[in-house]
Amino acid sequence: MASPQRPTHRALLSRALDLANRPFQFGNERRIEIVVLAVLLLLLTMNVLPSFQSFFIGEDFGNWPLLRHPQPELIRTLFVPTTMFWRPVISLWSLVSAWLLPLDPALFHARNYVLTLACAALVYLILIRLAHSAVARLSGVAFFVISKVHITTIGCIEMIDSIATLLHVLCAIYFLIAYLRSGRRMFFWFCAISYTLAQI
């Protein structure tokens, strides 16, 4: 008995394009899905409440005066590779946060929390185009929101690198799907820019 043939890469790509081209319909089932999604985001909020209530490393802002009043040497590090861990985009996230936000740990926890919500929303928007089943879409978001890693990434105010990198990667995936769906070169460049930001 012949074994069934595995789908080719072209067939898989064709199916992905078919899913990406499905119109977004806002019927009764979609409304129920949105309600479940809101419950999942509420679950995420309850999951990370300890991040706002406990003291984490970095909340004394010991080294933040250097960021709030940066010397020319510090600004130069954004553009010149200094170590193997050189991440100018992440450094820019930290500098802009230090300039715009008062030195209140709650505000930095809130910044990380809002960015995490944005990531959860992007996960859902991506799954809308990749998964035909509402159960599959909501399961993907559920696995994201119940992760205990959010307690650390939201609790430690200096861990903007993890959240920002994830945000850029999800944006790259979303714009890639938008490009495959519409063929508009604008989305291709958005994808390329987001992917580059995720790398640096």
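S.K.: Any details on the pattern of salt bridges? Residues and values, ideally.
M.R.: Using the criterion set out here, one finds one salt bridge in the structure. One salt bridge in this structure joins Glu33 and Arg137, with 2.7 Å as the shortest N-O distance. Residue Glu33 is found in helix α2 (residues 28-47), and its partner Arg137 is found in helix α8 (residues 134-145); the two are separated by 104 residues along the sequence. Judged by relative accessible area, which is 3%, Glu33 ranks as buried. Among the residues examined, Arg137 registers a relative accessible area of 4% and is labelled buried.

S.K.: Got a sec to walk through the packing of aromatic side chains? Specific residues and values, please.
M.R.: Both the distance between ring centres and the angle between the ring planes are used here to describe each pair of aromatic rings. All chains considered together, the criterion is met by five aromatic pairs. Centre to centre, the rings of Tyr174 and Phe175 are 5.8 Å apart; their planes meet at 65°, and the pair counts as edge-to-face. Between Tyr179 and Phe188 the ring centres are 5.5 Å apart and the planes differ by 55°, which places this aromatic pair in the tilted class. Under the relative-accessibility criterion, Phe188 is labelled partly exposed at 33%. One aromatic cluster is present, formed by Tyr174, Phe175, Phe187 and Phe190 through successive ring pairs.

Definitions and cut-offs
Residues numbered from 1 in each chain as written. Predicted model: local features only at pLDDT ≥ 70, side-chain atom pairs only at ≥ 80, totals over all residues. Heavy atoms only, no water. Salt bridge = Lys/Arg side-chain N within 4 Å of Asp/Glu carboxyl O. Helix = DSSP H or I, 4+ residues; strand = E, 2+ residues; numbered from the N terminus. Buried < 20%, exposed > 50% of the residue type's maximum accessible area, 1.4 Å probe, protein only. Phe/Tyr/Trp six-rings, centres within 6.5 Å; stacked < 30°, edge-to-face > 60°.

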